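Structural overview for review
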Amino acid sequence: KLIEEKGKKIEIEYTFVIIPTTFEHDGEKTIERNCIKSIEKSFAQAGLQIEQFFLKSDALSTALLEEDEKEKGCALIDFGCGSTSISIYQKNKPLFTGCIPIGGKHITADISSLGISFENAEKLKCKFGQALQSAMKQQYIIKVPAVVPDEEVRKIDTQVLNHIIETRQRQALSPIVKQIKTHNVEHLIMTGEAAKLRDLDRLLY
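Residues numbered from 1 in each chain as written. Predicted model: local features only at pLDDT ≥ 70, side-chain atom pairs only at ≥ 80, totals over all residues. Heavy atoms only, no water.

All right, on to the pattern of salt bridges then. If you walk through the whole model with that rule in mind, you get 8 salt bridges. Put simply, lysine 123 and glutamate 119 hold a salt bridge, and the shortest N to O gap is 3.7 Å. Here the residue lysine 123 and the residue glutamate 119 both occupy positions in helix H5 (residues 118-128), the gap between them amounting to 4 residues, near one helical turn. Accessibility expressed as a relative area gives 51% for lysine 123, which makes it exposed. Across the pair lysine 125 and glutamate 122 runs a salt bridge, and its minimum N-O distance is 3.2 Å. With lysine 125 and glutamate 122 both in helix H5 and 3 residues apart, the pair spans about one turn of that helix. (Salt bridge = Lys/Arg side-chain N within 4 Å of Asp/Glu carboxyl O. Helix = DSSP H or I, 4+ residues; strand = E, 2+ residues; numbered from the N terminus. Buried < 20%, exposed > 50% of the residue type's maximum accessible area, 1.4 Å probe, protein only.)

If you want it as structure tokens, here you go:
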């Protein structure tokens, strides 16, 4: 039997996780203070109070890592749009966190310098891109519209395309690989939209 009653008061207990811009320096984790103030002000206007802020690295590790992975030792690498970050864990504690301001959009921007639009550069990267040029099994010449409609169609060599991708990725991963070797990490977990790039894991070893 369905009983209809009007509620007088509803109480909800929940955790709201915010991941603001973070900066890492020598392993120290800090949060952009202006971002915090802006978020707190917005919630205060709605009559809400934030109990705690979580760093992105902490939120990702909670969501993606098992306790035994953090206990035995692992590195969580997040390949984002605007940056690439790493968090290294051992004995269930964070040993190191770092962030490199190079991400997927920077690679796409490099490709667009060939005279094509950012949108077409992104499509080209996703369909033909490889992080390791030497792993290419077949070479293609791809015709892509130029940025200016009146200009001739651009002919993009996939050898050139993947040379651009590998060069930028090695720049981003160089300090990350250094930390992986320094801490003797063998178990790597990759996440993030830009982690879909083929052969990316082979640049980490």
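There's plenty left to go through after this.
Across the interface, helix H4 (residues 104-112) lies against H5 with an axial gap of 8 Å and an inter-helix angle of 110°. As far as their axial angle goes, H5 and H4 are roughly perpendicular. Along the contact surface, H4 presents Gly104, Lys105, Ile107, Thr108, Ala109, Ile111 and Ser112, while H5 presents Phe118, Ala121, Glu122, Leu124 and Lys125. Partitioning the contact of H4 with H5 into residue classes produces 6 nonpolar, 3 polar and 3 charged. (Axes fitted to C-alpha atoms, helices over the stretch in contact; angles between N-to-C directions. Parallel < 35°, antiparallel > 145°, perpendicular 65-115°, else oblique. Contact = heavy atoms within 4.5 Å. Nonpolar A, V, L, I, M, F, W, Y, C, P; charged D, E, K, R; others polar.)

Core analysis: the largest hydrophobic core is formed by 35 residues, its most contacted members being Ile111 and Leu204. Looking at which element gives the most residues to this core, the answer is helix H6 (residues 158-182), with 8 residues. With residues near it in sequence (within four places) discarded, leucine 204 still touches Ile77, Phe79, Leu173, Ile176, Val177, Ile180, Leu188 and Met190. Ranked by size, the runner-up nonpolar core spans 6 residues in total, among them Leu60, Cys74, Leu76 and Ile189. (Core = buried A, V, L, I, M, F, W, Y, C linked by side-chain atoms within 4.5 Å.)

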